[in-house]
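Examining the three-dimensional arrangement
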Amino acid sequence: RTWRSRKAYRLLLDDQHQKKNRAAAIRIQTAFRGRKTRNAFALLVEYQRRGRNEAAAIRFQIAFRRWRSRKVYDLLLEHQHQKQNRAAAIRIQTAFRGWMGRNTYLLLSVERSKRRDQ
């Protein structure tokens, strides 16, 4: 009988001891997690400090890419406008040449008719 009571008492003590150990482990873990989060925040602040220079460089690169793409696009538009202007000039010239040709034909036919009449 006594060994059973001793065993039960030992189990009770072990259970209480385990509860205390669990509570202590939880306290240690929360303290460690707090330290971990504080360190993470400090790292975040440090990255932000470093990131300002990097962010400025990235902004400069983005602005340069935007300027370069705009310049290329403007050159492309200018080339397209030149093509369109060339095409329009050719149309105008062909129309003018056609008019000149018709006009000269009329003038020649008038001169021919005058010669015939004379």
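Residues numbered from 1 in each chain as written. Predicted model: local features only at pLDDT ≥ 70, side-chain atom pairs only at ≥ 80, totals over all residues. Heavy atoms only, no water.

**Points about the overall build of the chain**
- Summing up its helical and strand segments, the chain has one helix and zero strands in all.
- For 118 residues, the compact-globule estimate of 2.2 N^0.38 gives 13 Å, and the C-alpha radius of gyration of the chain, at 48 Å, exceeds that figure by more than 25%.
- A total of 118 residues make up the chain; the buried ones form 2% of that total.
- Carbon and sulfur atoms form 58% of the exposed surface of the chain, whose accessible area is close to 11,700 Å².
- Averaging the coordinates of the 31 positive side-chain charges in the chain and doing the same for the 8 negative ones gives two points 14 Å apart. (Helix = DSSP H or I, 4+ residues; strand = E, 2+ residues; numbered from the N terminus. Rg over C-alpha atoms; globule rule 2.2 N^0.38 Å. Buried < 20%, exposed > 50% of the residue type's maximum accessible area, 1.4 Å probe, protein only. Areas by Shrake-Rupley, 256 points an atom, 1.4 Å probe, with all protein chains shown as cover. Lys, Arg positive; Asp, Glu negative; His and termini not counted. Charge placed at Lys NZ, Arg CZ, Asp CG, Glu CD.)

**Focus on a nonpolar patch on the surface**
- Side chains of Tyr9, Leu12 and Leu13 sit close together on the surface and give an oily, nonpolar patch of about 300 Å² of accessible area.
- Along the polypeptide, Tyr9 turns up in helix H1 (residues 2-117).
- A relative accessible area of 52% places Tyr9 in the exposed class. (Patch = residues over 30% accessible without salt bridge, like charges linked within 9 Å, V, L, I, M, F, W, Y side chains within 5 Å. Salt bridge = Lys/Arg side-chain N within 4 Å of Asp/Glu carboxyl O.)

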